[in-house]
Amino acid sequence: MSDSPTAALHSDAHAEAHNPALLHHFATEQQQRDSASLGMWIFLATEVMFFGGLFCAYLIYRGWYFGDFAAASKSIDAALGGANTAVLICSSLTVVLAIWAAQTSRRALLIGMLILTMLFGLTFLGIKGKEYKDKFDEHHVPGASFSFDHVPIPGHPDQYANPKHAQIFFALYFIMTGLHALHMIVGLGLFA
């Protein structure tokens, strides 16, 4: 075989004709799969580090201001949080089923699972919107209008939470849940 550029172009065109799924900058399907796998693992690692840092910050501040964080966390609606957890688990299942449907060439099931996933995503955002509205109405959004005065520390009715420390809790709450909601919005866009 010739090493000329013309021969290489002819070879690439021949490879594309036999495998249209192989992108031009990959030599083999295996290389393309390995690159996609590596990219996904890198993405997941950055997500773990990012959210891991936020969870570490939460744990450190919770250790420093345990009573204040306990008082602040009492204002979070456990039923709404539980519902959102169930919605996320269900959406994870529908994504896995969509992947399986794609792998087994079940187009109708794939589309159905993606639509269900998107409905679960919209449900998650709706519940999160309700939670955020409640925090706004209660003046628990960090900033100039934040208010958390005379809230007793659980188990210590004679002690009150420090509003500055409670504001750290709510700042972490909004950062962590807001970033999760942003991920959901991006995911909805990708699935659409």
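On a predicted model such as this, the values are computed, not experimentally measured, just so you know.

Caption draft 1: Looking closely at the side chain of H140. With respect to the helices and strands, H140 occurs in the loop between helix 5 (107-137) and strand 1 (152-153). A distance of 3.1 Å separates the side chain of H140 from the side chain of E138, its partner in a polar contact. When sequence neighbours within four positions are dropped, the list of residues in contact with H140 reads S75, K135, F146, S147, F148, F170 and F174.

Caption draft 2: Here's a closer look at a nonpolar patch on the surface. There is a patch of nonpolar side chains on the surface, built from I111, I115, L116, L119 and L122 and spanning about 430 Å² of accessible area. Note that I115 resides in helix 5.

Caption draft 3: Broad picture of the nonpolar core. Of all hydrophobic cores here, the largest spans 16 residues; its most connected members are A72, F146, F148, A161, A166, F169 and F170. Going through the elements one at a time, helix 2 (29-64), helix 3 (66-73) and helix 6 (163-191) are the ones with two or more residues in this core. The leading source of residues in this core is helix 6, at seven residues. If near-sequence neighbours (up to four positions away) are discounted, F148 is found in contact with A71, A72, H140, A161, P163, A166 and F170. Counting residues in each nonpolar core, the second largest holds six residues, with V87, F124, I127 and A181 among its members.

Caption draft 4: Up close: the pattern of salt bridges. For the coordinates displayed, the defined rule picks out four salt bridges. In this structure, K130 engages D134 in a salt bridge whose closest nitrogen and oxygen atoms are separated by 2.9 Å. One end of the pair, K130, and the other, D134, are both in helix 5, four residues apart, so they sit about a helical turn from each other. Taking the relative accessible area as the measure of exposure, K130 reaches 42% and is therefore partly exposed. In this structure, E138 engages K135 in a salt bridge whose closest nitrogen and oxygen atoms are separated by 2.6 Å.

Each value, and the rule that gives it
Residues numbered from 1 in each chain as written. Predicted model: local features only at pLDDT ≥ 70, side-chain atom pairs only at ≥ 80, totals over all residues. Heavy atoms only, no water. Helix = DSSP H or I, 4+ residues; strand = E, 2+ residues; numbered from the N terminus. Polar contact = N/O pair within 3.5 Å; in protein donor to acceptor, adjacent residues only side chain to side chain. Contact = heavy atoms within 4.5 Å. Patch = residues over 30% accessible without salt bridge, like charges linked within 9 Å, V, L, I, M, F, W, Y side chains within 5 Å. Areas by Shrake-Rupley, 256 points an atom, 1.4 Å probe, with all protein chains shown as cover. Salt bridge = Lys/Arg side-chain N within 4 Å of Asp/Glu carboxyl O. Core = buried A, V, L, I, M, F, W, Y, C linked by side-chain atoms within 4.5 Å. Buried < 20%, exposed > 50% of the residue type's maximum accessible area, 1.4 Å probe, protein only.

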